[in-house]
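The chain contents come next:
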Amino acid sequence: MAKEGAEQAEETEQMIEKEGGQEGGGGGLRAAGDAKEMRAVLLSAFGGLNKLRVAKKVMPEPQEGELKIRVKACGLNFIDLMVRQGNIDSPPKTPLVPGFECSGIIEALGDSVAGFEIGDRVMAFVNYNAWAEVVCTPVEFVYKIPDDMSFSEAAAFPMNFVTAYMMLFEVANLREGMSVLVHSAGGGVGQAVAQLCATIPGVTVFGTASSFKHEAIKDSITHLFDRNADYVQEVKRISAEGVDIVLDCLCGENTGKGLSLLKPLGTYILYGSSNMVTGETKSFFSFAKSWWQVEKVNPIKLYEENKVIAGFSLLNLLFKQGRGGLIKGIMDKLITLYNEKKIKPLVDSLWALEEVKEAMQRIHDRGNIGKLILDVEKAPTPLVNKGHDGSTETK
């Protein structure tokens, strides 16, 4: 990993020199008098980290019903890593600009847009293209930022908290006194789940996470286990009946384990398949292994045991199934909880656009505690290798 980190740092330095020569250097915004171009992270083809680079693109303009946003920060999620590998269902054509969420300032309004003004601070969902200096997205996917929320926090808010809220309250009907098992408890969704569970009295949260994260997240999780431990036995030792809700972003063998831990009337929700990602590029072996390990669910057995199995994909709900209005209502509830100081996005670290490779490697190594953010105005620091535990080492 040290060698890989050094190579990534060198690639970043070269990228900065190249971009600096073209644009006058730095990671800031382009001058207002320049041609209508912008910097963006470009994925040239599906594959490894070398398929990512910062490039100039024509700046988009808002169509009817859209807002143009000058981006300040972008969220980086595990699904972005899977997109880079082409490890998703029906992947789009490359080249493309990745990213599904951002925050920034409204720069222009398309026709028929109401409720927003130029200069408003907003956060937004975007159907790709978020990792750029400027984005355009339909008004139904845009939400005003609370006054005391930073742009970095705002970029860490929509995907994680809407996903957590929808699973807990819309799908699983979380209520007082129930119990929840969440994997990757130190990640952005995991921490959002923990915070939302804390808003309901008497909820017990079981979580799995890498051992080096335990000290940082121990206060948010009732019972914390190492991600490599036999968590089924650990949970049953504490709660013989199991749990009411299982939130699984891993898939593979964890599907069967999760179902086995459900109490009667319990709900298992699959919302990711990170076990399919083992190397830098898509692996057919990892995909096949994960698929083979998934327990074949018998509906009759579910009926007999009074168990519920469900799936949740926020991006599909938004962009394929037309539920933007539903999500708007959820965002309103979440912003109220934020204003009441009951929830707060946890930001792991900030990265320049030119540092996207190192940021992705940190997610791949499961090194983050909370959300990684691409800060569009941040100046790159190419000579620092960031370790999986958050430490830094200067070359």
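Residues numbered from 1 in each chain as written. Predicted model: local features only at pLDDT ≥ 70, side-chain atom pairs only at ≥ 80, totals over all residues. Heavy atoms only, no water.

Going by what an unreviewed UniProt entry lists, the chain is known as Vesicle amine transport 1 like and is assigned to Pelusios castaneus.

A. Structural view of the packing of aromatic side chains. According to the stated counting rule, one finds seven aromatic pairs in the structure shown. Judged by centre distance (6.0 Å) and plane angle (85 degrees), the rings of Phe 125 and Tyr 143 are edge-to-face. Residue Phe 125 is located in strand 5 (residues 121–125), and its partner Tyr 143 is located in strand 7 (residues 142–144); the two are separated by 18 residues in the primary sequence. When its relative accessible area of 3% is taken as the criterion, Tyr 143 is described as buried. Judged by centre distance (6.3 Å) and plane angle (85 degrees), the rings of Phe 157 and Tyr 338 are edge-to-face. In this pair, Phe 157 is assigned in the loop between helix 3 (151–155) and helix 4 (158–171) and Tyr 338 in helix 12 (residues 324–339), connecting sequence segments 181 residues apart. As far as the burial class goes, Phe 157 and Tyr 338 line up, both buried. (Phe/Tyr/Trp six-rings, centres within 6.5 Å; stacked < 30°, edge-to-face > 60°. Helix = DSSP H or I, 4+ residues; strand = E, 2+ residues; numbered from the N terminus. Buried < 20%, exposed > 50% of the residue type's maximum accessible area, 1.4 Å probe, protein only.)

B. Focus on the confidence of the model for the chain. Mean pLDDT over the chain: 86, with 82% of residues reaching 70 or higher. Low pLDDT, under 50, characterises residues 1–34; the predicted model gives this stretch 59 contacts beyond four residues in sequence or across chains. Between residues 384–395, whose pLDDT stays under 50, and residues either more than four places distant or in other chains, the model counts 29 contacts. (pLDDT = per-residue confidence, 0-100. Contact = heavy atoms within 4.5 Å.)

C. Representation of helix 7 (residues 231–238) in the model. Looking only at helix 7, the buried set comprises Tyr 231, Val 232 and Val 235. One face of helix 7 carries all of its buried residues, which in axial projection span an arc of 105 degrees. (Arc of directions from axis to C-beta.)

D. Spatial organisation of the packing of helix 7 against helix 8 (residues 254–261). Two elements in contact, helix 7 and helix 8, have axes whose closest approach is 10 Å; the angle formed by their N-to-C orientations is 10 degrees. Between helix 7 and helix 8, the interaxial angle falls into the category roughly parallel. In contact with Tyr 231, Val 232, Val 235 and Lys 236 of helix 7, helix 8 contributes Asn 254, Lys 257, Ser 260 and Leu 261. Taken together, the residues of the contact of helix 7 with helix 8 break down into four nonpolar, two polar and two charged. (Axes fitted to C-alpha atoms, helices over the stretch in contact; angles between N-to-C directions. Parallel < 35°, antiparallel > 145°, perpendicular 65-115°, else oblique. Nonpolar A, V, L, I, M, F, W, Y, C, P; charged D, E, K, R; others polar.)

E. Structural detail: the packing of helix 4 against helix 5 (residues 188–197). Look at helix 4 against helix 5: their axes get within 8 Å of each other, and the N-to-C directions meet at 55 degrees. Classified by the interaxial angle, the pair formed by helix 4 and helix 5 is oblique. At the point where helix 4 passes helix 5, the crossing takes the right-handed sense. Counting all contacts with helix 4, which are made through Asn 160, Phe 161, Thr 163, Ala 164, Tyr 165, Met 167, Leu 168 and Phe 169, the residues of helix 5 involved are Gly 188, Val 189, Ala 192, Val 193, Gln 195, Leu 196 and Cys 197. The class makeup of the residues in the contact of helix 4 with helix 5 is 11 nonpolar, four polar and no charged. (Left-handed = near helix turned anticlockwise from the far one by under 90°.)

F. Highlighting the pattern of salt bridges. A full pass over the atoms with the stated rule returns 19 salt bridges. A salt bridge links Glu 153 to Lys 344, with the nearest nitrogen and oxygen atoms 2.4 Å apart. Note that Glu 153 is positioned in helix 3 and Lys 344 in the loop between helix 12 and strand 14 (347–351), a separation of 191 residues in sequence. Take Glu 153: its relative accessible area is 11%, and that puts it in the buried class. Assessed through its relative accessible area of 44%, Lys 344 is described here as partly exposed. (Salt bridge = Lys/Arg side-chain N within 4 Å of Asp/Glu carboxyl O.)

G. Representation of helix 2 (residues 78–85) within the structure. Burial analysis of helix 2 places six of its eight residues in the buried class, which makes it a mostly covered element. Among the residues of helix 2, Asp 80, Leu 81, Met 82, Val 83, Arg 84 and Gln 85 are the ones counted as buried. In this structure, the buried side of helix 2 is in contact with strand 1 (37–43), strand 2 (52–58), strand 3 (66–76) and helix 13 (356–364). Following helix 2 by one or two positions, Gly 86 has its phi on the positive side, about 75 degrees.

H. Representation of the side chain of Asn 254. As for its position among the elements, Asn 254 is in helix 8. Taking the relative accessible area as the measure of exposure, Asn 254 reaches 6% and is therefore buried. There is a polar contact of 2.7 Å between the side chain of Asn 254 and the side chain of Tyr 231. (Polar contact = N/O pair within 3.5 Å; in protein donor to acceptor, adjacent residues only side chain to side chain.)

I. Region of interest: the nonpolar core. One finds Trp 131, Phe 157, Leu 196, Leu 247, Ile 327 and Leu 334 to be the most contacted residues of the largest nonpolar core, which totals 97 residues. The greatest single-element share of this core, amounting to nine residues, is contributed by helix 4. Discounting chain neighbours no more than four positions away, the residues touching Trp 131 are Ala 40, Val 41, Cys 74, Gly 75, Leu 76, Asp 80, Val 97, Pro 98, Gly 99, Val 356, Met 360 and Leu 374. Counting 12 residues, the second-largest nonpolar core is a separate cluster that includes Leu 181, Tyr 231, Val 243 and Leu 262. (Core = buried A, V, L, I, M, F, W, Y, C linked by side-chain atoms within 4.5 Å.)

J. Representation of unusual backbone geometry. Residues Thr 94 and Pro 95 are joined by a peptide bond in cis, for which omega reads 0 degrees. Topologically, Pro 95 is positioned in the loop between helix 2 and strand 4 (101–109). If you check the backbone angles, Ser 184 has positive phi at about 50 degrees while not being a glycine. Here Ser 184 shows up in the loop between strand 8 (179–182) and helix 5.

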